[in-house]
Amino acid sequence: MGSCNCVEINRTALRHNFEVCHNIVRDNAILAMVKANGYGHGMVECASLFEAMGAAAFGVAETAEGVELRQAGITKPILIFTGVLPEMLDLIVKYALSPVVVDDDCLSMLSSKALALQREIAVHIKVDVGMGRQGCSVCDFSHLFAMVNSLPNLKLAGVLAHFPMSDDCGNKSTGEITKKFFREIVNRCEEDGGGDYYSHVANSGAILYFPETRLDMVRPGLMLYGYYPDGEAGRNRSLYPSLKPVMRFTSRIIQLRDLETGVGLGYGHTAVTSRKTKLALLPVGYADGYLRSMSNKGEVLIRGKRAPVVGRVSMNITMVDVTDIGSVSKDDEVVLLGQQGNEEITADEIAVHMGTINYEVLCLLGNLNNRRYID
Ligand SMILES: *Cc1c(COP(=O)(O)O)cnc(C)c1O
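What you are looking at is a predicted structure, and each value in this text was computed from that prediction instead of being measured.

Attention shifts here to the sheet that holds strand β3 (residues 57–60). Ordered by their spatial adjacency, eight strands build a closed barrel running β2-β3-β4-β5-β6-β7-β8-β9, and the pairing between neighbours is parallel. Alignment of β3 against strand β4 (residues 78–80), held across three bridges, turns out to be parallel. The residue bridging Val60 from the neighbouring strand is Ile80, located in β4.

Our next topic: the domain arrangement of the protein. Domain assignment breaks the protein into domain 1 (11–237) and domain 2 (247–374). Placing the centre of domain 1 and that of domain 2 at their C-alpha centroids yields a distance of 37 Å. Taken together, the contact pairs 16 residues of domain 1 with 15 residues of domain 2. When the two sides are added together, the surface that domain 1 and domain 2 hide from each other amounts to roughly 1,500 Å², 54% of it contributed by carbon and sulfur. When the buried area of domain 1 at its contact with domain 2 is split by residue, Arg11, His41 and Tyr227 rank highest and sum to 36% of it. In this assembly, domain 1 and domain 2 are joined by one salt bridge. Here Arg235 makes a salt bridge to Glu344, at a shortest N to O gap of 3.5 Å. For the pair domain 1 and domain 2, the number of links is 10 residue pairs in polar contact (both at pLDDT 80 or more). At the level of elements, α1 (11–25), α2 (35–39) and α10 (232–237) are the ones that each hand at least two residues to the side of domain 1 that touches domain 2. It is α2 that contributes the most residues to the side of domain 1 that touches domain 2, three residues altogether.

Scanning the entire structure with this criterion turns up six aromatic pairs. Taking 5.5 Å as the distance between ring centres and 20 degrees as the angle between the ring planes, the aromatic pair formed by Phe18 and Phe50 counts as stacked. Of this pair, Phe18 sits in helix α1 while Phe50 sits in helix α3 (residues 43–52); the two residues are 32 residues apart in sequence, bridging distant segments of the chain. The interplanar angle of 25 degrees and the centroid separation of 4.9 Å between the aromatic rings of Tyr39 and Tyr225 together place this pair among those described as stacked. Within this pair, whereas Tyr39 is found in helix α2, its partner Tyr225 is found in the loop between β9 (217–218) and α10, the two being separated by 186 residues in sequence. The residues Tyr39 and Tyr225 share a single accessibility class, namely buried. In this structure an aromatic cluster arises from ring pairing among Phe18, Tyr39, Phe50, Tyr225 and Tyr359.

This part is about the sheet that holds strand β11 (residues 255–259). Here we have three strands laid out as an open sheet, ordered β11-β14-β17, and antiparallel in their pairing. Looking along the sheet, the strands with just one partner apiece sit at the ends: β11 and β17 (318–321). Adjacent strand axes in the sheet meet at a mean angle of 30 degrees when their direction is disregarded. Here four bridges tie strand β14 (residues 277–282) to β17, and the two strands are oriented antiparallel to one another.

On inspection of all chains with the given rule, the structure shows one cavity of 30 Å³ or more. Each pocket or cavity is described by its volume, and for the largest cavity that value is around 40 Å³. As for the largest cavity, its lining consists of Leu208, Tyr209, Tyr228, Gly234, Arg237, Ser238, Leu239 and Tyr240. Every element with two or more residues in the lining of the largest cavity is listed here: α9 (204–209) and α10. Looking at the lining of the largest cavity residue by residue, the class counts come to five nonpolar, two polar and one charged.

What follows covers the site of the ligand. Among the 13 residues in the neighbourhood of the ligand, the closest are listed as Lys35, Tyr39, Ser204, Leu222 and Tyr359. Taking Lys35, its side chain carries an N or O atom lying 2.6 Å from an oxygen atom of the ligand. For the ligand, the accessible surface in isolation is 390 Å², of which the surrounding protein chains cover 92%. In this structure the site holding the ligand corresponds to the largest pocket. Counted by class, the shell around the ligand contains six nonpolar, four polar and three charged residues.

By secondary structure assignment, the location of Asn5 is in the segment before β1 (6–10). The exposure class of Asn5 is buried, given its relative accessible area of 5%. At 2.9 Å, the side chain of Asn5 and the backbone oxygen of Pro283 are in polar contact. With near-sequence residues (within four places) excluded, Asn5 lies in contact with Phe249, Thr250, Ser251, Pro283, Val284, Asp288 and Asn369.

To continue, consider the state of the cysteines. All chains considered together, the criterion is met by zero disulfides. Cysteine Cys106 shares no disulfide, and the gap to the nearest cysteine sulfur, in Cys136, comes to 12 Å. Cys189 carries a free sulfur, and the closest cysteine sulfur to it, the one in Cys136, is 10 Å from it. Taking the relative accessible area as the measure of exposure, Cys189 reaches 1% and is therefore buried.

So, how was this worked out
- Residues numbered from 1 in each chain as written.
- Predicted model: local features only at pLDDT ≥ 70, side-chain atom pairs only at ≥ 80, totals over all residues.
- Heavy atoms only, no water.
- Pairing = 2+ DSSP bridges.
- Helix = DSSP H or I, 4+ residues; strand = E, 2+ residues; numbered from the N terminus.
- Domains from an automatic or database assignment.
- Contact = heavy atoms within 4.5 Å.
- Buried area = accessible area lost by both parts, 1.4 Å probe.
- Salt bridge = Lys/Arg side-chain N within 4 Å of Asp/Glu carboxyl O.
- Polar contact = N/O pair within 3.5 Å; in protein donor to acceptor, adjacent residues only side chain to side chain.
- Phe/Tyr/Trp six-rings, centres within 6.5 Å; stacked < 30°, edge-to-face > 60°.
- Buried < 20%, exposed > 50% of the residue type's maximum accessible area, 1.4 Å probe, protein only.
- Axes fitted to C-alpha atoms, helices over the stretch in contact; angles between N-to-C directions.
- 1 Å grid on protein atoms, 1.4 Å probe; cavity = no way out; pocket = protein on both sides within 12 Å on 5 of 7 lines; lining within 4 Å.
- Points joined across faces, edges and corners; volume = space filled by probe spheres on them.
- Nonpolar A, V, L, I, M, F, W, Y, C, P; charged D, E, K, R; others polar.
- Near = heavy atom within 4 Å.
- Areas by Shrake-Rupley, 256 points an atom, 1.4 Å probe, with all protein chains shown as cover.
- Sits in = over half its atoms within 2 Å of the grid points.
- Disulfide = S-S within 2.5 Å.

Shown next as structure tokens:
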């Protein structure tokens, strides 16, 4: 309300994508990644929908996000992926959150707090078997595994790793990392008596392109929101029923102008009219996540047709050339991301102009604008 711009989230598409994932992994549990406010799609709304569809667990970055999910009524396990500071321990215990741990300090701290409050904390141990980022080393794993089993009031709920290149279906590293995870982690746990916990490594790329990575739980993020981690390439490959983009971003025409030839447009006059031009002004700009890198590059949809962005995108205004569209009116809907008629602008297309990936486009637009949910 009160904004000309709107991010529309299609619940039917969210359900469709969850179903596609479910059909791919079948009996494996699904841990739905809803960090970054559900990649811009709304963390609470997405988690509630996925929980109703059978998601086994959720993944967020921070403790505060986990608390928000619990307060919204989410009951399944919630994993906190980016670590725990001492001042968050009370919340972790009180809201029964499951931290991903990488060192023994964290385990000692969690155990003491859980013991003091007479509760049990479920933890997941993250190992770095080739990502080269967060995690304990393979050498340290046995020690942490033993600690979880011996310290009071801690329970091992999972062991996990992450892939650096699973979006590239031809890359060998994903298969190698999976083998190493089996050899060094899963087998070693089995030798130590196993237990009732999940082994999980697969993100969207691994789920889609590397069946051997699915183990007993998978962690899809991007694919639930209707996109492929390798962008257009994945879309075109389409191994499974295609995923449906969930987000649409719309604005409206606030002014139409008829300009003569030779008029410089906007800041820096980076575009000059080369003919009599009908110009439409949109109340959207880089402050809304429609970045300045879209200047003179992006396209939008009006009345089902493409119109090019002309001149610089400014903080709250973007100009598009609608000369070739025919009848256009003030107030017309403008689609910056998503479908209109038979045309579609994808986050992949926008990502190329912005010099980034579809993930970032969804986070940007989704988190900087008001969202509306439709079925
Ligand atoms: C974000 C994230 C995922 C999901 O990745 P997608 O490529 O979006 O499927 C899985 N695991 C971890 C540890 C993550 O941080």
